Amino acid sequence: MAQEGTPSRERIVAGAADLISRRGLNAASIRNLAKHANAPLGSTYHYFPEGKGQLATEAVRYADTAIVRILGKALEKGPVAGLRAFLTLWRGIVVDSEFRAGCPVLAVSVEEPPADEIPPALTAAAEAFDGWERLLADALRDHGVDPERASGLAALVVASAEGAIAMCRAKRSIEPLDRVAGQLETLIAGAVERRT
């Protein structure tokens, strides 16, 4: 969650991202989201007059922005450094929460949407995944990897990380993420080395 003293709106969004990463979207009511953020329910509705859907969308964007910032900075040192930072971030979240939290973007993605509707939070999740893949693929291309292969490897990294996070939570063990990390690093390093 956000630190005390941060703006109330940001604290609510950060708290919502955390609770969604733990319970999923459908299991988190607007009241629970406000309570988890230590925010009054009235303030929550003030900042998010459209309710839970609006808050969930902002929570996904909040998580996306944090990941893009960390991933983008690490990728300046190359694709392997970016991969390590990406996986280290998720490792920390899973371990620090004692396997209770995962990825809020994934949590929103696996919820069944209402019939004949694509909620804005689901659209924001798709945009987040696309953005992470694009960052990784761009870094790989910048290091000489064929554009099609770079896109495929980037999708593999994101999908593998998200799946490993879910497996870690189910097994209450960090082993799945560590095993995936080793395999992905070998693939990424090999793709870059072949081009240099």
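Basis of the calculations
- Residues numbered from 1 in each chain as written.
- Predicted model: local features only at pLDDT ≥ 70, side-chain atom pairs only at ≥ 80, totals over all residues.
- Heavy atoms only, no water.
- Axes fitted to C-alpha atoms, helices over the stretch in contact; angles between N-to-C directions.
- Helix = DSSP H or I, 4+ residues; strand = E, 2+ residues; numbered from the N terminus.
- Parallel < 35°, antiparallel > 145°, perpendicular 65-115°, else oblique.
- Left-handed = near helix turned anticlockwise from the far one by under 90°.
- Contact = heavy atoms within 4.5 Å.
- Nonpolar A, V, L, I, M, F, W, Y, C, P; charged D, E, K, R; others polar.
- Buried < 20%, exposed > 50% of the residue type's maximum accessible area, 1.4 Å probe, protein only.
- Lys, Arg positive; Asp, Glu negative; His and termini not counted.
- Salt bridge = Lys/Arg side-chain N within 4 Å of Asp/Glu carboxyl O.

Trainee: Just to check I follow, could you spell out the packing of helix H5 (residues 79-96) against helix H8 (residues 147-171) for this structure?
Mentor: Any two packed helices are characterised by the angle at which their axes cross and by the distance between the axes. Two numbers describe how H5 lies on H8: the axes approach to 11 Å, and their chain directions differ by 20°. In terms of orientation, H5 lies roughly parallel with respect to H8. As for the relative orientation of H5 and H8, their crossing is right-handed in sense. Contacts between H5 and H8 involve Leu 83, Phe 86, Leu 87, Trp 90 and Val 94 from the first element and Val 157, Val 158, Ala 161, Glu 162, Ile 165 and Cys 168 from the second. Of the residues that constitute the contact of H5 with H8, the class distribution is 10 nonpolar, no polar and one charged.

Trainee: Whenever I open this one, the side chain of Glu 162 confuses me. Can you help?
Mentor: Here Glu 162 shows up in helix H8. No salt bridge is formed by the buried Glu 162. Its closest oppositely charged neighbour is Arg 169, at 9.1 Å. Excluding its chain neighbours within four sequence positions, the residues that come into contact with Glu 162 are Trp 90, Cys 103, Leu 106, Phe 129 and Trp 132.

Trainee: Sorry, what's going on with the pattern of salt bridges here?
Mentor: Per the counting criterion, the structure on display carries eight salt bridges. The closest approach of N and O atoms between Glu 58 and Arg 9, which form a salt bridge, is 3.9 Å. Of this pair, Glu 58 sits in helix H4 (residues 52-75) while Arg 9 sits in helix H1 (residues 8-23), placing them 49 residues apart in sequence. On the accessibility criterion, Glu 58 (23% relative accessible area) is partly exposed. Its salt-bridge partner being Asp 178, residue Arg 91 comes within 3.0 Å of it at the nearest N-O pair. Within this pair, whereas Arg 91 is found in helix H5, its partner Asp 178 is found in helix H9 (residues 175-195), the two being separated by 87 residues in sequence. A relative accessible area of 35% means that Asp 178 is categorised as partly exposed. Through salt bridges with shared partners, a single network forms among Arg 9, Glu 58 and Arg 61.

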